[in-house]
Amino acid sequence: MSQLLDGKKTAQEIRDLLKGRVARLKDKGVVPGLSVTLVGEDPASKVYVGAKDAAAKEVGMHATTHRLPAGISEADLRAHLIAQNNDAAVHGILLQLPLPKHLPEESLLDLIAAEKDVDGFHPVSLGNVMLGRPGFKPCTPWGVQVLLRRYGISLKGKHVVIVGRSNIVGKPLANLLVQKADDADATVTVCHSGTKDLARYTRDADVLVAAIGRGEFITADMVKDGAVVVDVGMNRVDDAALPKGYRLCGDVDFKAVEPKAASITPVPGGVGPMTIAMLLSNTVWSAERAAGIESAQDPFAN
Ligand code: GUN
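None of these values were measured; they are calculated from a predicted model.

Outline empty space enclosed by the protein, supporting the account with residue identities and numerical values.
Enumeration over the complete set of coordinates arrives at 1 cavity of 30 Å³ or more. Taken as a whole, the largest cavity encloses approximately 30 Å³ of empty space. The residue makeup of the lining of the largest cavity, split by class, is 4 nonpolar, 1 polar and 2 charged.

Structural data, given as structure tokens:
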């Protein structure tokens, strides 16, 4: 039996800590404000955005979700984002990805003010992550790091193998975990679709992070006995036997891999809730900075 890394529980602990900081801000007349923008009707994005809005409200923040039509022009979306930058009541701005094909993700993300980039996707935020400097950290990689630390899993000298090189997860996670820090200091390998003999790397992992976006891609033969397994995936796979016609699964074949792993994240209830908790944490930290309140970035350090 492996240890379950319970992201749902850890995220709740973080939200409970944030409630105290939100109350302290309110005493100073500041309500942390999160602005979320959803363009179009992507079903998964709708679910994520709804969860972010609800979690922000649970901790006492002011959350606004802007639902914009899929056909919005680039100029109109730019004007909308600039308005969020200029709104003093907004401390954090999130543009939900993916965007409809006609909209250029990169230049739109660049437009979000770096001091409100609570998603951690701006080049300035990512540059700070790479350099090990303070700044907004992307929520999913940071959530993975905090979850491992919360369960006392040291990464010092360990071989962390990340499967997936996205700008949202794989690349920033590698940069976080390679830093010389108590909750990092790992030797990191990033594998991707061009990696030859992938299993050769995954089988060597002390900590294996699956962030590929392919359902149950990591099978038991790809995992070393006693490894820590982190599943970042959330996929819909067809299942005609179910009323919905699909089921949700991670990038790891949980049933087969769990008996081999020392510790493993479930899907759902693992990394997903941590992503949202770190988004709230970044937003509260942003509001504190705007209000001139000293606080640690780490939600467990306050
Ligand atoms: N799409 C999938 N994950 C994320 C995320 O963490 N932030 C944003 N903005 N879009 C996403």
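So, the layout of surface pockets: which residues are in play, and what are the values?
There is about 1,400 Å³ of room inside the largest pocket. Taken together, 46 residues line the largest pocket, and the ones lying closest to its centre are Y48, T140, V232, M234 and T275. Those elements that provide at least two residues to the lining of the largest pocket are α1 (7-27), α2 (43-58), β4 (92-95), α6 (139-150), β9 (235-238), β10 (246-249) and α10 (271-291). Taken together, the residues of the lining of the largest pocket break down into 25 nonpolar, 12 polar and 9 charged. The calculated volume of the second largest pocket comes to roughly 360 Å³.

Would you mind going over the sheet that holds strand β8 (residues 228-231) in detail, with residue names and values included?
Strand order in the open sheet formed by 6 strands is β1-β11-β8-β7-β5-β6, and the pairing between neighbours is parallel. Looking along the sheet, the strands with just one partner apiece sit at the ends: β1 (3-4) and β6 (187-191). Sheet analysis places strand β5 (residues 159-163) next to strand β7 (residues 207-210), joined by 4 bridges and oriented parallel. Directly across from V160, in β7, lies its bridge partner V207.

How would you summarise the pattern of salt bridges if you had to cite specific residues and measurements?
In the structure shown here, the tally under the stated rule is 15 salt bridges. Two residues, D16 and K19, come together in a salt bridge whose shortest N-O distance is 3.1 Å. One end of the pair is D16 and the other is K19, both in helix α1 and 3 residues apart, which spans about a single turn. The class of K19 is partly exposed, set by a relative accessible area of 31%. In this structure, R24 and E288 form a salt bridge, with 3.3 Å as the shortest nitrogen-oxygen distance. With R24 in helix α1 and E288 in helix α10, the pair connects residues that are 264 residues apart, well separated along the chain. Relative accessible area serves as the criterion here: at 36%, R24 is assigned to the partly exposed category. Within this structure, R15, D16, K19 and E58 form a network of salt bridges that share partners.

Just give me the short version of unusual backbone geometry, but keep the residues and values in it.
In this structure, the amide linkage connecting L97 to the following residue, P98, adopts the cis form with an omega of 5°. As for its placement among the helices and strands, P98 is situated in the loop between β4 and α4 (105-111). A cis amide bond, omega 0°, links V267 with the succeeding residue P268. Within the secondary structure, P268 is located in the loop between β11 (263-264) and α10. Of note, D185 is a non-glycine position whose phi angle comes to about 70°, a positive value. Tracing the backbone shows D185 in the loop between α7 (170-177) and β6. Not every positive phi belongs to a glycine, and D197 is a case in point at roughly 50°. Tracing the backbone through its elements, the reader meets D197 in the loop between β6 and α8 (198-202). We classify D197 as partly exposed; its relative accessible area is 48%.

Provide a residue-level description of the site of the ligand, including the pertinent values.
As a structural note, the neighbourhood of the ligand is formed by K52, L94, L95, Q96, L97, D119 and F121. Here a nitrogen atom of the ligand and a backbone polar atom of L95 are 2.9 Å apart. Within the side chain of Q96, a nitrogen or oxygen atom sits 3.3 Å from a nitrogen atom of the ligand. Its free accessible area being 280 Å², the ligand has 82% of it covered by the protein chains. Looking at the shell around the ligand, its residues break down into 4 nonpolar, 1 polar and 2 charged.

Could you give an account of the sheet that holds β4, with specific residues and numbers?
Read from one edge of the open sheet, 3 strands run β3-β2-β4, paired in parallel fashion. Each edge of the sheet is formed by a strand with only one pairing partner; in this case those strands are β3 (62-68) and β4. Between one strand and the next, the sheet's axes are offset by a mean angle of 15°, whatever the strand orientation. As judged from the 7 bridges shared by strand β2 (residues 33-39) and β3, these two strands associate in the parallel manner. Bridging across to β3, V36 finds its partner in T65. Each of β2, β3 and β4 touches helix α3 (residues 74-86); the most contacted strand, β2, lies at about 175° to it.

Cut-offs used in this document
- Throughout, residues of each chain are indexed from 1 in the direction in which the sequence is written.
- Selection of residues for local features in this predicted model requires a pLDDT of at least 70, selection of side-chain atom pairs for listing and counting requires 80 or more, and totals for whole chains, interfaces and linings are taken over all residues.
- Calculated side-chain values reflect all of the structure's heavy atoms, with hydrogen atoms and water omitted.
- Buried and open spaces are told apart on a 1 Å grid over the protein atoms alone, a cavity being a set of points where a 1.4 Å probe fits but cannot get out and a pocket being an open set with protein on both sides within 12 Å along at least five of seven lines. Residues with an atom within 4 Å of a point are the lining residues.
- Grid points are joined across faces, edges and corners, and a volume is the space filled by probe spheres set on the points.
- For this scheme, ten residues count as nonpolar: Ala, Val, Leu, Ile, Met, Phe, Trp, Tyr, Cys and Pro. Four count as charged, namely Asp, Glu, Lys and Arg, and the remainder, Gly too, count as polar.
- Only runs of H or I of at least four residues qualify as helices and only runs of E of at least two qualify as strands under DSSP, and these elements are numbered from the N terminus.
- Two strands pair under a simple rule: DSSP has to find at least two bridges between them.
- Between Lys or Arg on one side and Asp or Glu on the other, a salt bridge is scored when a side-chain nitrogen of the former is within 4 Å of a carboxyl oxygen of the latter.
- Remark: exposure states derive from per-residue accessible area (1.4 Å probe, protein chains only) relative to the maximum for the residue type, with buried under 20%, exposed over 50%, and partly exposed in between.
- One heavy atom within 4 Å of a molecule or strand makes the whole residue count as near it.
- Throughout this description, a polar contact denotes any pair of N or O atoms lying within 3.5 Å of each other; where both atoms belong to protein, one of them has to be capable of donating a hydrogen while the other can accept it, and for residues adjacent in sequence the pair is counted only when both atoms sit in side chains.
- The protein chains shown are the only cover counted for residues, whose accessible areas, like all others here, come from Shrake-Rupley with a 1.4 Å probe.
- Interaxial angle, 0 to 180 degrees, is taken between N-to-C directions of lines fitted to C-alpha atoms, where a helix line uses only the stretch in contact.
- Between two residues, a contact is recorded if the distance between any of their heavy atoms is within 4.5 Å.

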